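Notes for the structure review
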Amino acid sequence: MSFPIASIALVNSVLFGVYSNVLLVLTATPYQERWTHPAMYTDIFLAGCMGGFVQSYCLGPFDLIKVRLQNQTEPRLKPGSPQPRYRGPLHCMASILQKEGVQGLLRGSGTLMLRDTPTLGIYFVTYEWFCRYSTPKGQEPSSTTVLVAGGFAGIASWVTATPLDVIKCRMQMDGLKERLYRGVVHCMASSLRQEGPGVFFRGLTINSARAFPVNAVTFLSYEYLLRWWG
Ligand SMILES: CN(C)C(=N)NCCC[C@H](N)C(=O)O
């Protein structure tokens, strides 16, 4: 539990830090004038893509460890049952490094980059669009608007990210027992052939239910922090 929390804190600060700074460079508009001189959607999209690209590099190893730990099914405390492969995040990292090398720690990172670069562009564009649509021109959005816009931004990003998310998880688990996939394209083709198109949206409902409150609070905190520091 403490592991995902620590990685989310790091990854979100990288994402929002890169996004705000790239947007500042592209628009030359300081934060205080953001709602009176709104940025173009293409600039918001580009800054979001850049944030997603950089985030995916920091997130890769953390995400791999999380997926491996979450997919361990051996009961931990049951006497006589087989020992779980990993005893915790550090042990998981050490044993991946030992058995699969540094490259093993980056398994799935390429798919993560493909997943996060465009979908984080969509994330920030949805947020901005909703805020502008629900707020009179030139005014700051209310806290309720920020919460709802953040929630919808999270859902929009997960709707577009889920197909590659499914593939990424499969790639990250591949090779533990046997190697099933020769690469991203092979994994997509064989998942589609064996399970049909629905496979690309597996987990979307539960992910969206989680994404709404998480991203509502994320954007509200972001806006408050900017106002506090601004
Ligand atoms: C890959 N996708 C869809 C995203 N990274 N979307 C942005 C939301 C991030 C947020 N920490 C969450 O987990 O919902």
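Residues numbered from 1 in each chain as written. Predicted model: local features only at pLDDT ≥ 70, side-chain atom pairs only at ≥ 80, totals over all residues. Heavy atoms only, no water.

1. Considering the packing of helix α4 (residues 109-133) against helix α7 (residues 204-229)
For the pair α4 and α7, interaxial distance at closest approach is 13 Å and the crossing angle is 70°. With respect to their mutual orientation, α4 and α7 come out roughly perpendicular. Contacts between α4 and α7 involve Y123, F124 and Y127 on the former and, on the latter, N215, T218, F219 and E223. Taken together, the residues of the contact of α4 with α7 sort by class into 4 nonpolar, 2 polar and 1 charged. (Axes fitted to C-alpha atoms, helices over the stretch in contact; angles between N-to-C directions. Helix = DSSP H or I, 4+ residues; strand = E, 2+ residues; numbered from the N terminus. Parallel < 35°, antiparallel > 145°, perpendicular 65-115°, else oblique. Contact = heavy atoms within 4.5 Å. Nonpolar A, V, L, I, M, F, W, Y, C, P; charged D, E, K, R; others polar.)

2. So, the packing of α4 against helix α5 (residues 143-173)
Relative to each other, α4 and α5 sit at 165°, their axes nearing to 8 Å. Our classification of the angle between α4 and α5 gives roughly antiparallel. For the crossing formed where α4 meets α5, the hand is right-handed. (Left-handed = near helix turned anticlockwise from the far one by under 90°.)

3. Some remarks on the site of the ligand
With respect to spatial proximity, the complete set of residues near the ligand consists of Q55, R115, D116, L120, Y123, S157, W158, A161, R210 and N215. A distance of 2.8 Å separates an oxygen atom of the ligand from a polar atom in the side chain of R210. Out of a free accessible area of 380 Å², the ligand has 91% covered by protein chains. Counting residues per element, the ones that place at least two in the shell around the ligand are α4, α5 and α7. By residue number, the principal contributor to the shell around the ligand is α4, which donates 4 residues. (Near = heavy atom within 4 Å. Polar contact = N/O pair within 3.5 Å; in protein donor to acceptor, adjacent residues only side chain to side chain. Areas by Shrake-Rupley, 256 points an atom, 1.4 Å probe, with all protein chains shown as cover.)

Purely geometric numbers; function is a separate question.
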